[in-house]
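Descriptive analysis of the structure
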Amino acid sequence: MLLRTLGTAAGGGVPQWNCACPGCTGARAHPGWRRRHDCLAVLGAAPGSWVLVNATPDIADQLQDQDELRPGAGEDRTPIVRIVLTDAELDHTLGLFRLREARHLEITATAPVRRALTERLRLDEVLGPYTTLTWRELPLAGEGTVDLAGIEVDALPLSAKRPRYAAGEPPEAGWSVAVRLRDPATGGTALYAPALAEWSESFENAVTGVDCAFVDGTFWDDEEPRSTGISTRTATGMGHLPVSGPDGTADRLAKTGTRCFYTHLNNTNPLVDPAAPQHALLGAPAPAVAQEGMEVSL
Ligand code: MLT
Ligand code: MN
Ligand code: ZN
C-alpha cells in the first residue's frame, strides 16, 4: 500500500487568502512553505485505482499535480473516483462539488456525515444532474470493513463534533472519525485522523496497532487560536488537541512507538515555518511534521 499526502493544511490552507499572519506571509514569500488542505491518496494492489481520504477545495489541483492520478494514455476520463471521508467539514468535502465532471463518484462515509452532506449541503440534489453518485457506508470499528480498490477500510469514532453548518444535528458517534486502512496483500496498516478532539484509550490502542498514523497537528499549543486572534476558543475548545503542553499529543504519540506524522496544520501553527525552533522538540520518537507530497510504503 502506498500513501501519498496531497495536502497537509487545516481549513484555509497555507497561505490563507485573507490572512497576513507570519505563516501566511512566509508562505507567500517562500513557496516551499505552502500547504494545501489535508488529503491522503492511497494505492493498494489494484493498479491505478487510487482512493482519496477527503475531498478538499484544492482537489483538482492536487490531482493535476500527480502524474499517476491523471487519466492514463488512451483513457479520456478517470472512470471512477473513490473518496472516503473523515468528517463532513467543509475543508474535507467542498472538493466533492468540484468533481462534478467525474463519470462516477463513489463516496464512503459514516451515516451522520452522509446525512449532513445530503440534507444540509444538498450534495445528491446538486451533483445528480452531472454525475453518478454512489454512497457506501463506512463501518465503525468492530462492524466489519469495506473494500475500497483492494484496501480494507473502517472508522474509529473520535468525537461527535459537527461542522458549524450542521450544529443543530444530534450528537452521535461517527461525526468525526479516524479512517483505518489495511492492505491485505502486505498486511500494512495506517490511520488517518486530521481532527482529534480528545485522547481516548481506543485511539491510543488504534495508533499503537498500526504501522503509520497521520494525526491532528492543527495547533502547536492550546492558547494559539486566542493568542493569534483567530478565535475566542482554545485549541481543545475547537476540537483539536494541541501538539505541545500537558494535554498535547506529541508525548502521547511518541509513547505508542508508531511512526506518526502531523497533518491538518493551521496557518497560525509555528511549525509551518520550516526553520521554527519548535521542530527541534519533535522528531523520533515524537511525531514529525508531514511534508507535502511525502510517501509512505506499507
Ligand atoms: C476544523 O477542522 O475544526 C474545521 O474544519 C474548522 C472549520 O473550518 O470550521
Ligand atoms: Mn478542518
Ligand atoms: Zn495566516
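Scope of this entry: the structure provided in the associated data block. (Residues numbered from 1 in each chain as written. Chains lettered and ligands numbered in written order. Predicted model: local features only at pLDDT ≥ 70, side-chain atom pairs only at ≥ 80, totals over all residues. Heavy atoms only, no water.)

Remarks on the overall build of the protein
Each helix and strand counted, the protein has eight helices and 14 strands in total. A globule of 298 residues ought to have a C-alpha radius of gyration of about 19 Å, and the protein, at 18 Å, matches this closely. Summarising its shape, the C-alpha atoms of the protein cover approximately 50 × 40 × 40 Å along the three principal directions. Scored against the burial criterion, the 298 residues of the protein give a buried share of 54%. The long-range share in the protein, meaning contacts at least 24 apart out of those at least 6 apart in sequence, stands at 65%. Computed over 26 positive and 38 negative side-chain charges, the separation of the two mean positions in the protein equals 4 Å. (Helix = DSSP H or I, 4+ residues; strand = E, 2+ residues; numbered from the N terminus. Rg over C-alpha atoms; globule rule 2.2 N^0.38 Å. Buried < 20%, exposed > 50% of the residue type's maximum accessible area, 1.4 Å probe, protein only. Contact = heavy atoms within 4.5 Å. Lys, Arg positive; Asp, Glu negative; His and termini not counted. Charge placed at Lys NZ, Arg CZ, Asp CG, Glu CD.)

Examining the sheet that holds strand β12 (residues 259-263)
Reading across from one edge, β7-β8-β9-β10-β11-β12-β13 is the order of the seven strands in this open sheet, with mixed pairing throughout. Single-partner strands in this sheet number two, and they are β7 (146-148) and β13 (288-289). Taken strand by strand, helix α8 (residues 249-256) contacts β11 (212-216) and β12, and its axis lies near 155 degrees from that of β12. (Pairing = 2+ DSSP bridges. Axes fitted to C-alpha atoms, helices over the stretch in contact; angles between N-to-C directions.)

Description of the pairing of strand β9 (residues 176-182)
Counting buried positions along β9 yields five of seven residues, so the element is predominantly enclosed. Bridge analysis of β9 against strand β10 (residues 189-193) gives four bridges, and the strand direction is antiparallel. By the bridge assignment, L181 is partnered in β10 with A190. As consecutive antiparallel partners, β9 and β10 are separated by six residues, and within that stretch G187 has a phi angle of approximately 80 degrees, a positive value.

Here's the deal with the site of ligand 1
Around ligand 1, the neighbouring residues are E89, D91, K161, R164, H240 and H264. At 2.7 Å, a side-chain N or O of H240 approaches an oxygen atom of ligand 1. Contact with the protein chains hides 75% of the accessible area of ligand 1, taken as 270 Å² for the molecule alone. Placement of ligand 1 is best described as lying within the largest pocket. The residue makeup of the shell around ligand 1, split by class, is no nonpolar, two polar and four charged. (Near = heavy atom within 4 Å. Polar contact = N/O pair within 3.5 Å; in protein donor to acceptor, adjacent residues only side chain to side chain. Areas by Shrake-Rupley, 256 points an atom, 1.4 Å probe, with all protein chains shown as cover. 1 Å grid on protein atoms, 1.4 Å probe; cavity = no way out; pocket = protein on both sides within 12 Å on 5 of 7 lines; lining within 4 Å. Sits in = over half its atoms within 2 Å of the grid points. Nonpolar A, V, L, I, M, F, W, Y, C, P; charged D, E, K, R; others polar.)

Observations concerning the pairing of strand β4 (residues 81-84)
Burial of β4 is two-sided: the residues V81 and I83 facing one way and the residues R82 and V84 facing the other way are all buried. In this sheet, β4 lies alongside strand β3 (residues 50-53) in parallel orientation, the contact comprising three bridges. Bridge pairing links L52 to I83 in β4. The handedness of the β3 to β4 crossover, carried by helix α2 (residues 59-64), is right-handed. Across four bridges, the pairing between β4 and strand β5 (residues 104-109) is parallel. Bridging from a neighbouring strand, R82 pairs with E106 of β5. Where the polypeptide runs from β4 across helix α3 (residues 90-98) and back to β5, its parallel neighbour, the crossover connection is right-handed. (Right-handed = clockwise from strand over helix to strand, strands pointing away.)

Brief notes about the coordination of the manganese ion (ligand 2)
For the manganese ion (ligand 2), the protein coordination sphere consists of D91 (OD) and H264 (NE2), at 2.1 to 2.3 Å. Residue D91 is found in helix α3, and its partner H264 is found in the loop between β12 and β13; the two are separated by 173 residues along the sequence. Since its relative accessible area comes to 5%, H264 is described here as buried. (Donors = N, O, S within 2.8 Å, 3.2 Å for Na, K, Ca; no water.)

Focus: the layout of surface pockets
Here the largest pocket is characterised by a volume of approximately 890 Å³. Every residue lining the largest pocket is counted, 34 residues in all, and those nearest its centre are G11, E89, D91, R164 and M238. Broken down by element, the residue count for the lining of the largest pocket peaks at four residues, all from α3. What lines the second largest pocket is a set of 26 residues, and nearest its centre among them are L63, L69, P71, T78 and V81. Put simply, the parts of the chain that give the lining of the second largest pocket at least two residues each are β3, α2 and β4. Among the elements that take part in the lining of the second largest pocket, α2 stands out by supplying three residues, more than any other. A class-by-class count of the residues in the lining of the second largest pocket yields twelve nonpolar, five polar and nine charged. (Points joined across faces, edges and corners; volume = space filled by probe spheres on them.)

Brief notes about the sheet that holds β4
Strand pairing in a sheet takes place through backbone hydrogen bonds and is either antiparallel or parallel in direction. Across the sheet, which stays open at both edges, the seven strands sit in the order β6-β5-β4-β3-β2-β1-β14 with mixed pairing between neighbours. The sheet is open, and its two edges are formed by β6 (132-137) and β14 (295-297), each paired on a single side. The average angle at which neighbouring strand axes cross in this sheet is 25 degrees, direction not considered. Across three bridges, the pairing between strand β1 (residues 2-7) and β14 is antiparallel. Paired with R4 across the strands is E295, a residue of β14. Each of β5 and β6 touches helix α4 (residues 111-120); the most contacted strand, β6, lies at about 155 degrees to it.

None of the figures reported here should be taken as evidence of function without further support.
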